[in-house]
Amino acid sequence: MRCAVQSWFEYPLEMLCWIIFIPLYSFGGLLLLKVISTQFSEIGGWTFHGLAFFYGLGIVTHGLHVIFFFAVWHTNYMVLNGEFDRILLYPMNPFFMFIIQSFNIAGYIDITPGIIIFTYACLKLNLDWNAVAILKLIAVLIGGTLIRTGIFMIAGAIGFFRDTRNAVTNFMVDFLAYNTTAFPLNIYPYGIQVILTFLIPVGFINTYPAQDFMGMDNTFSIPINLSLCTLLVGIAFFLLAYGFFRFGLKHYKSTGS
Amino acid sequence: MSIIKAVHLRKRFIVKKKEPGLKGALKGIFAPKKIIINALDDVSFSMKKGEIIGLIGPNGAGKSTTIKILTGILQPLSGEVEVMGLNPQKKRAEVVSRIGVVFGQRSQLYWDIRLGESFELFRRIYRIPDEEYNANLELMDSLLGIRRLIDIPVRQLSLGQRMRGEIVSAVLHSPDILFLDEPTIGLDIQAKRNIRKFIREINQKKKTTIILTTHDLGDVQELCPRLVVINKGKIIEDGALDAIVHRLAPERILQIDTDKVKKDFTYPHCKMIKCEENKMWISFNRENVSASKLIAALSAEVRINDLQVKEPDIEDAIEQIYGEG
Ligand SMILES: Nc1ncnc2c1ncn2[C@@H]1O[C@H](COP(=O)(O)OP(=O)(O)O)[C@@H](O)[C@H]1O
Ligand SMILES: [Mg+2]
């Protein structure tokens, strides 16, 4: 909400750092993909433009996640500081209140490079944007955002059970979420692909949707349409994470004063 | 019919004990030493609609924990809770829509926005009808002068002003029950008076049921006919304020400023507890001695420049009788 936005503008220097650093990081990743794909001509059957589509999609869903669900990055902090007291006193769904309190407009910094890269890839790939393709894209964006959010939610909600620090949790989770969506899953060994598909379903954030749009095969020959699958997996994973969050909230200890 | 019912409530906190030094830190990671705190150890009490009770006890006694369980923030380890006939853990949203809560030690307001904007937010969250909202704001303005503060960002309010804001934000939706956890902490006497007046009025005008915790015996003496005393998670007294104060802390202290003290002053049932250059402290039992008679007797012997009758510290008394908290 407004409160969260305002406090962002109170730290202009920090904002400036993000404005410079985040796009640099995003375009840097693309450059790396470019270098790799020209050196080895093709990795795992991906063309450079296919990779750009894949990579852009990953960043856009990350941006959407940061804009709408930034609160989940702060779960442990809020637990340690007893901030859920206030939320639990409102006659509303506590997760909803938790989320809208840190609605984060500053996420545009994250999403903009993603939109540029994604648009560039779409133009180069000459994709046919018929109604079905647009619906698929929407499904994929929602699904991917929900998967990303679910991962952070689960990691954060561990804070209800044991004292954890935001900085550490977020570093690890962000590292995982970034690196597993910076390169397509099919370059990893089979075992890792299994984990990143069925346990932590990051493969559905961008690898499988991009393969669907490119008309490529996937490792597990999943029978359902991959874009639709992303939406379903996203919803299921998010509900699972939500259940865990609610379960954690039942163990919320508040703070002694 | 009780509006609040707590039966055999228990609550336990497990905390890791931190040991000093590097070795302690390592041990903390691999084999943390856990201690169990029995914050509530079989707490039962009930309240009737429209009642005001003072929930008192030393620091760490379990007052806030009791309130957090009654308001649905915490889950009890065991026992039963009913607030307006509902279980606040199972029907949390329904219960909290009909109660108001103020924690003096922590803010419910948003620091970055104006007080009035916080109120607007609550109006939407609680879906308060316009008429009710305006009437409540009007009443609060007459009791706490809240209109003057409405355009100020919360971070710029003084503690007393902020507490007024906290209280108003807790009653905008006309709650049936008001939980006030140390609402007068750190306030000066004038601010305390305002808040006491507010509590009395809202209880009389709107029949609001009120639970008040405080360290100030003055608060409860002015407001609460009934006292519930808690210590180490156990309820040790529950009854009429006068009876409890008389039993736990019957001694009051008369402090006299004088030009020349009289060390050997005596009076039946009184005790000289301290004597300085030009000050005397005499303790007396309120049951057998009236303050005015004692003062009259004293003024016959010394010249009294100033005097003060001090109420006993009930928390000290609790600790003396029931052991340290
Ligand atoms: N969230 C918590 N974690 C660990 N210990 C707590 C927590 N909340 C309260 N306690 C402990 O429980 C006991 C009762 O606390 P509390 O109810 O806050 O006391 P009071 O409000 O009467 O001062 C204290 O020993 C306190 O340290
Ligand atoms: Mg307390």
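Shown above is the structure to which this text applies.
In this text, all values refer to a predicted model and were calculated from it rather than measured experimentally.

How each quantity is defined
Residues numbered from 1 in each chain as written. Chains lettered and ligands numbered in written order. Predicted model: local features only at pLDDT ≥ 70, side-chain atom pairs only at ≥ 80, totals over all residues. Heavy atoms only, no water. Near = heavy atom within 4 Å. Polar contact = N/O pair within 3.5 Å; in protein donor to acceptor, adjacent residues only side chain to side chain. Areas by Shrake-Rupley, 256 points an atom, 1.4 Å probe, with all protein chains shown as cover. Helix = DSSP H or I, 4+ residues; strand = E, 2+ residues; numbered from the N terminus. Phe/Tyr/Trp six-rings, centres within 6.5 Å; stacked < 30°, edge-to-face > 60°. Buried < 20%, exposed > 50% of the residue type's maximum accessible area, 1.4 Å probe, protein only. Pairing = 2+ DSSP bridges. Axes fitted to C-alpha atoms, helices over the stretch in contact; angles between N-to-C directions. Contact = heavy atoms within 4.5 Å. Buried area = accessible area lost by both parts, 1.4 Å probe. Salt bridge = Lys/Arg side-chain N within 4 Å of Asp/Glu carboxyl O. Expected span 1.5 Å × (residues − 1).

*Asks:* Pulling in residues and values, what's your account of the site of ligand 1?
*Replies:* As a matter of local geometry, ligand 1 sits amid 16 residues, with A:Lys253, B:Gly60, B:Lys63, B:Ser64 and B:Thr65 nearest to it. In this structure ligand 1 sits where residues from chains A and B come together. Between ligand 1 and B:Ala61, the relevant distance is 3.2 Å, taken from an oxygen atom to a main-chain nitrogen or oxygen of the residue. In the complex, 83% of the free accessible area of ligand 1, which totals 560 Å², lies under the protein chains. Every element with two or more residues in the shell around ligand 1 is listed here: strand E1 (2-17), strand E2 (33-48) and helix H2 (63-70) of chain B. No other element matches H2(B), which puts 3 residues into the shell around ligand 1.

*Asks:* Just give me the short version of the packing of aromatic side chains, but keep the residues and values in it.
*Replies:* All names here are of chain A. Per the counting criterion, the structure on display carries 27 aromatic pairs over all chains. Taking 6.0 Å as the distance between ring centres and 65° as the angle between the ring planes, the aromatic pair formed by phenylalanine 84 and phenylalanine 245 counts as edge-to-face. Remark: phenylalanine 245 occurs in helix H12 (residues 226-250) and phenylalanine 84 occurs in helix H5 (residues 84-88); sequence separation between them is 161 residues. For the residue pair phenylalanine 84 and phenylalanine 245, the accessibility class agrees, reading buried in each case. Aromatic side chains phenylalanine 95 and phenylalanine 245 sit 5.2 Å apart centroid to centroid with 75° between the ring planes, which places their arrangement in the edge-to-face category. Here phenylalanine 95 is found in helix H6 (residues 94-101), whereas its partner phenylalanine 245 is found in helix H12, with 150 residues between them in sequence. By relative accessible area, phenylalanine 245 is classed as buried at 0%.

*Asks:* Help me get a handle on the sheet that holds E2(B), residues and values and all.
*Replies:* Residue and element names in this part refer to chain B. The strand order across the open sheet built from 3 strands is E2-E1-E4, with neighbouring strands paired in antiparallel fashion. Edge positions in the sheet fall to E2 and strand E4 (78-83), since each has one partner strand and no second. Across this sheet, the average inter-strand angle for adjacent strands is 25°, counted without regard to direction. By the bridge criterion, 5 bridges tie E1 to E4 in an arrangement that is antiparallel. Bridged to arginine 10 within E4 is serine 78.

*Asks:* Give a detailed account of the interface of chain A and chain B, specifying residues and quantitative values.
*Replies:* Across the contact, 26 residues belong to chain A and 28 residues belong to chain B. Taken together, the two surfaces of chain A and chain B that pack against each other cover about 2400 Å², and 52% of this comes from carbon and sulfur. Across the chain A-chain B interface, the total number found is 1 salt bridge. Between B:Arg106 and A:Glu83 there is a salt bridge whose closest N-O contact spans 4.0 Å. At the surface where chain A touches chain B, the tally comes to 12 residue pairs in polar contact (both at pLDDT 80 or more). At the level of elements, helix H1 (2-9), H5 and H6 of chain A are the ones that each hand at least two residues to the side of chain A that touches chain B.

*Asks:* Could you give me a rundown of the pattern of salt bridges, with the residues and numbers involved?
*Replies:* All names here are of chain B. For the coordinates displayed, the defined rule picks out 25 salt bridges over all chains. For the salt bridge of arginine 226 with aspartate 238, the shortest nitrogen-to-oxygen distance reads 2.9 Å. On the criterion of sequence distance, the pair formed by arginine 226 in strand E8 (residues 226-231) and aspartate 238 in strand E9 (residues 234-240) is long-range, its members being 12 residues apart. By relative accessible area, arginine 226 is classed as buried at 14%. Judged by relative accessible area, aspartate 238 falls into the partly exposed class, the value being 39%. Ionic pairing is found between lysine 262 and glutamate 301, a salt bridge with its closest N-O pair at 2.8 Å. Of this pair, lysine 262 sits in the loop between strand E10 (251-258) and strand E11 (270-275) while glutamate 301 sits in the loop between helix H10 (291-299) and strand E13 (304-310); the two residues are 39 residues apart in sequence, bridging distant segments of the chain. Here lysine 262 falls in the partly exposed class, since its relative accessible area comes to 28%. By sharing partners, the salt bridges in this structure join Lys192, Arg196, Arg200, Asp216, Asp219 and Glu222 into a single network.

*Asks:* Talk me through H12(A); I want residue IDs and the actual numbers.
*Replies:* Residues and elements named next belong to chain A. Compared with the 36 Å implied by 1.5 Å per residue over 25 residues, the 36 Å span of H12 between its first and last C-alpha is a close match. Within the sequence span of H12, burial applies to Leu226, Ser227, Cys229, Thr230, Leu231, Gly234, Phe237, Phe238, Ala241, Phe245, Gly248 and Leu249. The N-capping residue of H12, defined by a side-chain oxygen 2.8 Å from the backbone nitrogen of serine 227, is asparagine 225.

*Asks:* Can you tell me about the side chain of A:Thr207, naming the residues and giving the values?
*Replies:* All names here are of chain A. Within the secondary structure, threonine 207 sits in helix H11 (residues 207-214). Relative accessible area serves as the criterion here: at 1%, threonine 207 is assigned to the buried category. A polar side-chain atom of threonine 207 sits 3.2 Å from the main-chain amide nitrogen of leucine 185. Other than its neighbours up to four places away in sequence, threonine 207 contacts Trp46, Phe54, Pro184 and Leu185.

Purely geometric numbers; function is a separate question.
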